[in-house]
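Single-letter residue listing:
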Amino acid sequence: MKNCIVIGGGIIGLCSAYYLQKEGHQVTVVDQSKMDGGASYVNAGYLSPSHIIPLSAPGVMKKGLKWMFDKSSPLYIKPRLDLDFLKWTWAFNKSCNQKHVQKCIPVIKDIAVWSQELYDDIKHDNAFNFHYEKKGLLMLCQTEEMLEEEVEVAHIAKSEGLDASEVSLDELKKMEPNVELNVKGAAYFKCDFHTTPHEFMEEMKTYLIKNGVQILTDEKVKDVVVDKGVLSSIKTTTQNLKADEFVLAAGSWSGLLSKKLGLNLLMQAGKGYRVNKMSPTGITIPAILAEAKVAVTPMNGFTRFAGTMEIAGINHDINKVRVDAIGNAANRYYPNVKLTQEEKDDAACGLRPVSPDGLPYIGKSVKCTNLTIAAGHAMMGWSMGTATGKLVSEIISEQKSTLDLNPFHPDRKF
Ligand SMILES: Cc1cc2nc3c(=O)[nH]c(=O)nc-3n(C[C@H](O)[C@H](O)[C@H](O)COP(=O)(O)OP(=O)(O)OC[C@H]3O[C@@H](n4cnc5c(N)ncnc54)[C@H](O)[C@@H]3O)c2cc1C
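Only a predicted model underlies this, so the values are computations on that prediction, with no experimental measurement involved. (Residues numbered from 1 in each chain as written. Predicted model: local features only at pLDDT ≥ 70, side-chain atom pairs only at ≥ 80, totals over all residues. Heavy atoms only, no water.)

**Student:** I'm lost on the packing of helix 1 (residues 11–22) against helix 12 (residues 381–396) in this one. Help?
**Tutor:** In helix packing, the relevant descriptors are the interaxial angle and the interaxial distance, both defined with respect to the helix axes. Between helix 1 and helix 12, the shortest axis-to-axis distance is 7 Å and the interhelical angle comes to 40°. Here helix 1 lies oblique to helix 12, going by the angle between them. As for the relative orientation of helix 1 and helix 12, their crossing is right-handed in sense. Within the contact between the two elements, helix 1 uses I11, I12, C15, S16, Y19 and L20 and helix 12 uses G381, W382, G385, T386, T388, G389, K390, V392, S393 and I396. Its residues assigned to classes, the contact of helix 1 with helix 12 shows 8 nonpolar, 7 polar and 1 charged. (Axes fitted to C-alpha atoms, helices over the stretch in contact; angles between N-to-C directions. Helix = DSSP H or I, 4+ residues; strand = E, 2+ residues; numbered from the N terminus. Parallel < 35°, antiparallel > 145°, perpendicular 65-115°, else oblique. Left-handed = near helix turned anticlockwise from the far one by under 90°. Contact = heavy atoms within 4.5 Å. Nonpolar A, V, L, I, M, F, W, Y, C, P; charged D, E, K, R; others polar.)

The following block contains the structure:
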């Protein structure tokens with residue numbers, strides 16, 4: 001049994017705590033917030049092996065540059081004279097190639113599929129009761145060009161063993177009979193599931209506390225004590241805490257904290273927004289509005305519209321123009337769905353922890369022997385949460401890893 005401290009209580013930190021506790025370790029989770037908001041709460045709730053193409057794909061950097069001056073664009077990279085940002089941009093740009101995409105596809109698929117299986121196990125544990133449905137994901141397209149692109153991704157997914165296909169307009173209408181659709185067609189990834197994120201987070205926190213995990217909120221990790229490659233203690237807002245093993249699961253903040261540990265994880269925050277529609281929409285199947293890059297999820301009691309990727313530093317400012325863009329996109333694809341001003345005023349945001357190559361960091365750096373890093377999942381943190389937690393537990397328990405950890409190595413070069 002080891003004494004473990006998990007820094008960060010988002011989906012990655014909580015899932016790490018869950019599997020560590022199951023292995024018999026003594027676990028404390030430390031978080032700077034009240035653990036009731038941020039990326040792990042505002043996300044679209046997809047468990048989506050369908051997202052096999054990493055963010056760093058050919059053409060993305062070009063799109064980012066083109067959209068730099070468009071205030072309502074779904075991707076925004078704010079130029080800054082900041083060394084970390086410049087290093088990240090260089091590494092991201094280097095990863096935007098076809099060879100890299102081909103290498104990532106099976107890696108992303110394997111971890112996402114395994115993660116889904118682990119969510120399934122948790123769902124079937126009587127201790128948990130959260131919204132979780134297997135209805136797939138539609139990629140709704142308004143242009144022939146986008147439809148072609150998405151059907152191509154569906155073919156790649158199919159060749160990887162995932163259940164994905166094209167659906168005709170007639171089929172679509174039968175699938176979604178209660179909502180008007182203004183689209184040319186769709187690709188359908190039957191392999192995807194969806195959830196209502198805050199339900200899972202609340203259930204998981206309750207379970208952990210019941211099972212002896214200590215959760216410390218409003219405790220920011222401000223400093224660390226490292227001696228000869230061993231992290232002996234952390235200094236939080238009010239106390240010094242010691243442990244045998246530490247987990248760095250601080251999401252977008254992990255880059256900053258890694259510097260205190262003598263590492264330099266390249267990481268940028270990718271801000272995204274969610275707007276909840278509380279009145280019925282008729283939407284029953286999760287969808288991505290492909291051209292607008294807006295995610296639509298029928299959650300438990302409301303419909304969530306989520307989108308934008310704003311790489312503009314760590315802040316939680318709400319950009320109303322981008323929130324409006326999400327509302328306008330919803331109305332373009334579903335002409336009868338209109339987000340009210342009140343719903344848009346209630347928008348919330350979260351920061352996706354974005355690594356430069358579309359893969360998370362999971363594992364130990366050679367520079368610190370008792371620190372396991374689990375961060376940088378970008379737009380796939382919800383999908384990969386359980387598998388990441390299980391991998392963390394396998395590493396700390398010195399068990400054979402279920403997956404090859406090399407692609408996730410925190411010391412990898414870009
Ligand atoms: C709009 C939106 C939609 C998304 N949709 C999906 C989706 O459908 N499917 C999917 O798979 N993914 C989705 N994602 C991505 C996913 O939500 C993230 O990848 C995931 O939540 C990241 O989890 P995390 O635990 O790494 O980080 P976080 O949830 O950010 O948690 C990190 C925690 O660390 C804490 N922390 C930071 N610094 C310190 C410190 N110094 N001391 C103590 N605590 C600290 C923070 O307070 C925070 O609670 C979406 C994200 C957004 C924003």
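Text resumes after the structure shown.
**Student:** What is the right way to look at the side chain of S233 in this model?
**Tutor:** With respect to the secondary-structure elements, S233 resides in strand 12 (residues 230–236). Under the relative-accessibility criterion, S233 is labelled buried at 9%. In this view, S233 contacts V224, V225, L241, K242 and F246; residues no more than four positions away in its chain are not counted. (Buried < 20%, exposed > 50% of the residue type's maximum accessible area, 1.4 Å probe, protein only.)

**Student:** Please clarify how the environment of K135 should be interpreted in this entry.
**Tutor:** Mapped onto the secondary structure, K135 falls in the loop between strand 5 (132–133) and strand 6 (137–141). Remark: the alpha-carbon pair of K135 and A325, spanning 190 residues in sequence, is separated by 26 Å. Excluding anything up to four places from it in sequence, K135 contacts Y188, D192, H194, T284, I285 and P286. Of note is the side chain of K135, whose polar atom sits 3.5 Å from the backbone oxygen of T284. (Polar contact = N/O pair within 3.5 Å; in protein donor to acceptor, adjacent residues only side chain to side chain.)

**Student:** Can you help me understand the sheet that holds strand 1 (residues 3–7) in this one?
**Tutor:** Strand pairing in a sheet relies on backbone hydrogen bonds. The paired strands run either parallel or antiparallel. Taking strand neighbours across the sheet as the criterion, the 6 strands line up as 10-2-1-14-21-20 in an open arrangement whose pairing is mixed. In this open sheet, the two edge strands, each paired with only one partner strand, are strand 10 (214–216) and strand 20 (361–364). Going across the sheet, the axis of each strand differs from the next one's by a mean of 15°, ignoring polarity. Judged from the 4 bridges that link them, strand 20 and strand 21 (residues 371–375) form a sheet pairing that is antiparallel. By the bridge assignment for strand 21, K364 is matched with T372. (Pairing = 2+ DSSP bridges.)

**Student:** Help me understand a negative patch on the surface, please; the structure alone is not making it clear to me.
**Tutor:** A contiguous patch of negative charge, built from E144, E145, E148 and E149, is present on the exposed surface. Inspection of the secondary structure puts E148 in helix 6 (residues 144–159). E148 sits in the exposed class, given a relative accessible area of 61%. (Patch = residues over 30% accessible without salt bridge, like charges linked within 9 Å, V, L, I, M, F, W, Y side chains within 5 Å. Areas by Shrake-Rupley, 256 points an atom, 1.4 Å probe, with all protein chains shown as cover. Salt bridge = Lys/Arg side-chain N within 4 Å of Asp/Glu carboxyl O. Lys, Arg positive; Asp, Glu negative; His and termini not counted. Charge placed at Lys NZ, Arg CZ, Asp CG, Glu CD.)

**Student:** Can you walk me through the site of the ligand in this structure?
**Tutor:** For the ligand, the set of nearby residues contains 35 residues, the closest of which are D31, S40, V221, A378 and S383. For the ligand, whose free accessible area comes to 1000 Å², the fraction covered by protein is 96%. Sorting the residues of the shell around the ligand by element identifies helix 1, helix 2 (39–42), strand 15 (268–277), strand 19 (348–354) and helix 12 as the ones contributing at least two each. The residue inventory of the shell around the ligand, partitioned by class, reads 18 nonpolar, 13 polar and 4 charged. (Near = heavy atom within 4 Å.)

**Student:** Looking at this structure, I do not really get the side chain of K344. What am I missing?
**Tutor:** By the element assignment, K344 lies in helix 11 (residues 341–345). At a separation of 3.3 Å, a polar atom in the side chain of K344 contacts the side chain of D324. Look past the residues within four positions of K344 in its chain and what remains in contact with it is V275, V323, D324 and L339.

**Student:** Please clarify how empty space enclosed by the protein should be interpreted in this entry.
**Tutor:** A probe matching the size of a water molecule, rolled over the atoms, marks out where space remains unfilled. Following the criterion strictly, the structure yields 1 cavity of 30 Å³ or more and no others. As for the largest cavity, its lining consists of 14 residues, of which G358, H377, A378, M379 and M380 are closest to the centre. Considering only residue class, the lining of the largest cavity consists of 10 nonpolar, 4 polar and no charged. (1 Å grid on protein atoms, 1.4 Å probe; cavity = no way out; pocket = protein on both sides within 12 Å on 5 of 7 lines; lining within 4 Å. Points joined across faces, edges and corners; volume = space filled by probe spheres on them.)

**Student:** How should the packing of aromatic side chains be read in this particular structure?
**Tutor:** Here a ring pair, both rings aromatic, is described through the centre-centre distance and the interplanar angle of the planes. One pass over the structure, following the stated rule, counts 12 aromatic pairs. Ring geometry for Y18 and Y19: centres 4.8 Å apart, planes at 80°, overall edge-to-face. Of the two residues, Y18 and Y19, both sit in the buried class. Joined through ring pairs, the aromatic side chains of Y18, Y19, Y119, F128, F130, Y132, F193, F200, Y207 and W382 make up one cluster. For the cation-ring pair, R80 lies above F85, with the distance from its terminal atom to the ring centre recorded as 4.2 Å. We note K123 situated over the ring of F130; from NZ or CZ to the ring centre the distance is 5.1 Å. (Phe/Tyr/Trp six-rings, centres within 6.5 Å; stacked < 30°, edge-to-face > 60°. Lys NZ or Arg CZ within 6 Å of the ring centre and 35° of its normal.)

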